[in-house]
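Close look at the chain arrangement
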Amino acid sequence: MMNRLLAISTRFYKSRVTRIVRDMLSILFPIMLLGSFAEVLKFAFLSPSGFIATLFSVTKWLPFVHPLSQLAGVISRCTIDMIGIYGAYGAAYSTVKEYGKKSAAVAGAVGILSFLMISYQTGSRGRLVFNPTLMGQGLLIALIVGYVCGRVIVTFERNQLSGPYQVIRPLLIILLLSVLANLFISFLRSPQVQTFIFSITPHPVQGNAFPYVIGMGLLTDLLSWLAIGGPYTASPTFTDPPALANLNHALKAGTAYNAPFKYTATTLFHSFANFGGNGVILALIIAIFIFSKRKKFLTVARWSTFPAIFNNNYAMMLGVPILYNPILLIPFLLAPLVNMCVVALFLALNWIPAAVYPVPSGTPGPLIGFIGTNGNWLVLVLGIVLIAIDVLLYAPFVKLYDRLNENAGDKHETTD
């Protein structure tokens, strides 16, 4: 099975579209890495409710903590929250470069223009407003926009003209397509369409809570692999009705055992299936350190370890990359699924309490369940065991991905 998967993946890896995507993600990696560090520092270290800030009272003794938090916020806003812009540039640039044209830089600028036109939405009093969802969670849309812009430029540019004047005709075509795409998105955002979508979306009830949480968790991870925001947020909110009911039960009974809602996004997904971010990325990093011999992967894993400890997986998603990688998709979905099923069994047997207590922002993944159960040591041990299982799940796919890069003639050398 692994050999067949390797053969299919090798052909896919060598395709022109795949090379464009890999080139685009390599352009975005340093930007996302910078944003990941800034986001972790802001929410875990410099926020009064952050994990490290709470543990060491950082905000009480660190000078200039507020300006530092603002600076980290600016960096995070201009990198992670605007990754769609960079993605549109990278995709258009890489597409034109892949086809051997000299107008790659101009194509990148056109890609940005097209993405901004698509993202534009009407603001009050004529303000310039862009769709924040597309900006921060629309990397797949940006990839498509950039690729289409690049192909239009490659197809319709006039070689007899010099410099940027070659792309005037394709630019007009791209502007027309962008306006049509903007109108279509505006239609989807209309109240009537939104009401219809909400009416056909499944909602959890206690009778099917476990399959619902499992399904939504897998959907979140799948959409994360596609660089689209999923139904579950990056961290638990503890403000939904089941979470509040569980917390009230624990406060009245003095224990989190026998919580009324055992299977929720907080008790299963956020507390045990999100170590290092979606896909249990912390386990992938450990597996790379142990089993990979590729210098590139080891370098990416080293740089990404710090953000991943605090559940930020953005750098790893682009650096390896995990995004659009069919080999790593399997363990990316399987590891969280195994974790949630094992924890659900422990909860059903009443061997562990449910994670019902709020945790500070930026709490490391393996500690969320421990703190959320008010320090239950069996939960901590279970989390460590689950990480070990996840590492073993990732191991054969990390080795396979190493072989894929060797077969495809990747320029990055192996370690000694």
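The structure presented is a predicted model; accordingly, all values stated were derived computationally and were not measured. (Residues numbered from 1 in each chain as written. Predicted model: local features only at pLDDT ≥ 70, side-chain atom pairs only at ≥ 80, totals over all residues. Heavy atoms only, no water.)

What follows concerns the packing of aromatic side chains. Within this structure, the stated rule accounts for twelve aromatic pairs. Taking 5.8 Å as the distance between ring centres and 15° as the angle between the ring planes, the aromatic pair formed by Y89 and Y93 counts as stacked. Of the two residues, Y89 and Y93 are both situated in helix 6 (residues 83-98); the distance of four residues between them amounts to about one turn of the helix. Overall, the relative accessible area of 27% leaves Y89 in the partly exposed class. When the ring of W225 is compared with that of Y324, the centres are 6.2 Å apart and the planes differ by 65°; the resulting orientation is edge-to-face. Of this pair, W225 sits in helix 12 (residues 209-225) while Y324 sits in the loop between helix 17 (314-319) and helix 18 (326-348), and the two are 99 residues apart along the sequence. Each member of the pair W225 and Y324 is classed as buried. Members of the aromatic cluster, each reached through a chain of ring pairs, are F37, F45, F306 and F310. (Phe/Tyr/Trp six-rings, centres within 6.5 Å; stacked < 30°, edge-to-face > 60°. Helix = DSSP H or I, 4+ residues; strand = E, 2+ residues; numbered from the N terminus. Buried < 20%, exposed > 50% of the residue type's maximum accessible area, 1.4 Å probe, protein only.)

Across its 13 residues, helix 13 (residues 241-253) extends 18 Å between first and last C-alpha, which sits within 8% of the 18 Å expected from 1.5 Å per residue. Turning to helix 13, its buried residues are A243, N246, L247 and A250. Down the axis of helix 13, the sector holding all buried residues measures 95°, keeping them to one side. In helix 13, the exposed positions that point more than 90 degrees away from the buried face belong to P241 and K252. Each element contacted by the buried residues of helix 13 is listed here: helix 14 (265-272). Positioned one or two residues after helix 13, G254 has a phi angle of 80°, which is positive. (Expected span 1.5 Å × (residues − 1). Arc of directions from axis to C-beta. Contact = heavy atoms within 4.5 Å.)

Our focus in this paragraph is the nonpolar core. Of all hydrophobic cores here, the largest spans 78 residues; its most connected members are I281, I288, M316, V320, I322 and Y394. Top element by residues in this core is helix 20 (residues 377-407). It accounts for eleven residues. Each of domain 1 (16-196) and domain 2 (203-408) contributes no fewer than three residues to this core. Sequence-distant contacts of I322, that is, excluding residues within four places in its chain, are made with W225, I281, L284, M316, M317, L328 and F332. V110, L134, I153 and V154 belong to the second largest nonpolar core, which has 19 residues in total. (Core = buried A, V, L, I, M, F, W, Y, C linked by side-chain atoms within 4.5 Å. Domains from an automatic or database assignment.)

Once that is clear, we can look at the environment of L134. Tracing the backbone through its elements, the reader meets L134 in helix 8 (residues 132-137). Separated by 14 residues in the primary sequence, L134 and Y120 place their C-alpha atoms 9.7 Å from one another. With residues near it in sequence (within four places) discarded, L134 still touches G84, F115, I118, S119, I141 and I185.

Attention shifts here to the side chain of N182. Tracing the backbone through its elements, the reader meets N182 in helix 10 (residues 168-188). By relative accessible area, which is 13% here, N182 ends up buried.

This brings us to helix 5 (residues 65-79). Here helix 5 contains 15 residues, and its C-alpha end-to-end distance of 21 Å stays within 8% of the 21 Å for a straight helix at 1.5 Å per residue. For helix 5, the set of buried residues is V65, S69, A72, G73, S76 and T79. End-on view of helix 5: buried residues confined to an arc of 140°, all on one side of the axis. Exposed side of helix 5, more than 90 degrees from the buried face: H66 and R77 are the residues found there. Looking at the packing, one finds that the buried side of helix 5 touches helix 2 (16-45), helix 4 (58-61) and helix 6.

The next thing to look at is empty space enclosed by the protein. Applying the stated criterion across every chain yields a total of two cavities of 30 Å³ or more. The volume enclosed by the largest cavity comes to roughly 50 Å³. The set of elements that each furnish at least two residues to the lining of the largest cavity consists of helix 7 (104-119), strand 1 (120-122) and helix 10. When residues in the lining of the largest cavity are grouped by element, the largest group, three residues, is from helix 10. (1 Å grid on protein atoms, 1.4 Å probe; cavity = no way out; pocket = protein on both sides within 12 Å on 5 of 7 lines; lining within 4 Å. Points joined across faces, edges and corners; volume = space filled by probe spheres on them.)

Moving on: the pattern of salt bridges. Within the structure shown, the criterion is met by four salt bridges. Measuring nitrogen to oxygen at the nearest pair gives 2.6 Å for the salt bridge that ties E98 to R19. Within this pair, whereas E98 is found in helix 6, its partner R19 is found in helix 2, the two being separated by 79 residues in sequence. Overall, the relative accessible area of 23% leaves E98 in the partly exposed class. Three or more residues joined by partner-sharing salt bridges are found here, namely R16, R19 and E98. (Salt bridge = Lys/Arg side-chain N within 4 Å of Asp/Glu carboxyl O.)

Let's shift gears to the packing of helix 15 (residues 281-291) against helix 16 (residues 295-309). Viewed as axis vectors pointing N to C, helix 15 and helix 16 meet at an angle of 145°, and their least axial separation amounts to 9 Å. You can see that helix 15 and helix 16 cross each other, and the crossing is left-handed. Residues L282, I285, I288 and F289 of helix 15 lie in contact with helix 16, whose contacting residues are F297, L298, A301, R302, S304, T305, A308 and I309. Considered class by class, the residues forming the contact of helix 15 with helix 16 number nine nonpolar, two polar and one charged. (Axes fitted to C-alpha atoms, helices over the stretch in contact; angles between N-to-C directions. Left-handed = near helix turned anticlockwise from the far one by under 90°. Nonpolar A, V, L, I, M, F, W, Y, C, P; charged D, E, K, R; others polar.)

This brings us to the environment of E39. Looking at where E39 falls in the secondary structure, it is placed in helix 2. Take E39: its relative accessible area is 18%, and that puts it in the buried class. Placed 35 residues apart in sequence, E39 and V74 show a C-alpha to C-alpha distance of 9.5 Å. Among all residues touching E39, those that are not within four sequence positions of it are S76, I80, N312 and Y314.

A separate point is unusual backbone geometry. Note that the residue after V320, namely P321, is joined by a cis bond; omega there is -10°. With phi around 60°, N258 is a residue other than glycine that occupies positive phi space. Residue position: N258 is located in the loop between helix 13 and helix 14. Unlike most non-glycine residues, N311 shows phi in positive territory, near 70°. In this structure, N311 sits in the loop between helix 16 and helix 17.

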